[in-house]
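# Coordinate analysis (summary)
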Amino acid sequence: DQQVKQNSPSLSVQEGRISILNCDYTNSMFDYFLWYKKYPAEGPTFLISISSIKDKNEDGRFTVFLNKSAKHLSLHIVPSQPGDSAVYFCAAGTGANSKLTFGKGITLSVRP
Amino acid sequence: ETGVTQTPRHLVMGMTNKKSLKCEQHLGHNAMYWYKQSAKKPLELMFVYSLEERVENNSVPSRFSPECPNSSHLFLHLHTLQPEDSALYLCASSQEFGGAGRGNQPQHFGDGTRLSIL
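For the structure given in this document, a descriptive report is provided here. Keep in mind that this is a model prediction, so the values were computed, not measured.

So, about the overall build of chain A. A count of helical and extended segments in chain A gives zero helices and eleven strands. Going from N to C terminus, chain A has its helices and strands arranged as β-β-β-β-β-β-β-β-β-β-β. In terms of overall size, chain A behaves like a compact globule, its C-alpha atoms giving a radius of gyration of 13 Å where 112 residues would be expected to give roughly 13 Å. With the C-alpha coordinates of chain A rotated into their principal frame, the extents come out at 40 × 30 × 20 Å. Restricting the contact set of chain A to residue pairs at least 6 apart, pairs at least 24 apart contribute 54%. When the accessible surface of chain A is summed, it comes to about 5,200 Å², and 50% of that surface belongs to carbon and sulfur atoms. Averaging the coordinates of the 12 positive side-chain charges in chain A and doing the same for the 9 negative ones gives two points 4 Å apart.

Shown next, in the form of structure tokens:
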């Protein structure tokens, strides 16, 4: 049973518009959430994280929102750029250790 | 450059061969991880080492044998693999593995080894 779910396999947006990538989780013990970005033929690269004590974390064009009651988080990219085209993985962990549970990933395509 | 280097990048082997995957991290981290990524599936954690001691083994078949000679190097020894073992194998590291309050650390990944079993 998947504890971290990225239900949409792909998303296509126009350059300059907002990209919203969604992630749901089922394990209420998760208290730390991360987004990774992966280009073809490269490993995942850490993008942004959020702790469960917050509901928002922002880093430049990237903002992650956390809704604990809904067990839902989302990554907003504004404005989207063609170089953002990649696979985005949502991951979750607990404060006990650095072990992470990953979603299947979503492929973002940003059209020029 | 992520600070985590994996070799080889690609490997094709027969089911009776023995080969090893290598991972080296230059970040001064104390924890290292092996993951398997199959098509259309999430990353699956295989093994975790903390300060050269194996702390997690997620029911991985014995045909996969990890080795961590020091905190900078991690190996995955392969023998008599099956076709379903064809996948991308990723190595990662983090500053620490566990302990109260020290769990919130991102992992840094290498670029992976694409393994194909004939």
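Moving on to the interface of chain A and chain B. Listed per partner, the contact involves 22 residues of chain A and 29 residues of chain B. Roughly 1,900 Å² is buried in total at the junction of chain A and chain B, and carbon and sulfur atoms are behind 56% of that figure. Per-residue buried area on chain A facing chain B is highest for Ser 98, Lys 99 and Phe 102 of chain A; these three make up 29% of the total on that side. Summed over the shared surface of chain A and chain B, the number is one salt bridge. Lys 99 of chain A is paired through a salt bridge with Glu 56 of chain B; the nearest N and O atoms lie 3.2 Å apart. Between the two partners, chain A and chain B, sit seven residue pairs in polar contact (both at pLDDT 80 or more). Counting residues per element, the side of chain A that touches chain B draws most heavily on strand β4 (residues 32-38) of chain A, at four residues. Taken together, the residues of the side of chain A that touches chain B break down into ten nonpolar, seven polar and five charged.

Attention shifts here to the environment of Asn 57 of chain B. All names here are of chain B. In this structure, Asn 57 sits in strand β6 (residues 53-57). Taking the relative accessible area as the measure of exposure, Asn 57 reaches 37% and is therefore partly exposed. Taking the C-alpha atoms as reference points, Asn 57 and Trp 34, 23 residues apart in sequence, are found 9.9 Å from one another. Excluding residues within four positions of it along the chain, Asn 57 makes contact with Met 46 and Phe 47. Separated by 3.2 Å, the side chain of Asn 57 and the backbone nitrogen of Val 60 make a polar contact.

About the cut-offs
Residues numbered from 1 in each chain as written. Chains lettered and ligands numbered in written order. Predicted model: local features only at pLDDT ≥ 70, side-chain atom pairs only at ≥ 80, totals over all residues. Heavy atoms only, no water. Helix = DSSP H or I, 4+ residues; strand = E, 2+ residues; numbered from the N terminus. Rg over C-alpha atoms; globule rule 2.2 N^0.38 Å. Contact = heavy atoms within 4.5 Å. Areas by Shrake-Rupley, 256 points an atom, 1.4 Å probe, with all protein chains shown as cover. Lys, Arg positive; Asp, Glu negative; His and termini not counted. Charge placed at Lys NZ, Arg CZ, Asp CG, Glu CD. Buried area = accessible area lost by both parts, 1.4 Å probe. Salt bridge = Lys/Arg side-chain N within 4 Å of Asp/Glu carboxyl O. Polar contact = N/O pair within 3.5 Å; in protein donor to acceptor, adjacent residues only side chain to side chain. Nonpolar A, V, L, I, M, F, W, Y, C, P; charged D, E, K, R; others polar. Buried < 20%, exposed > 50% of the residue type's maximum accessible area, 1.4 Å probe, protein only.

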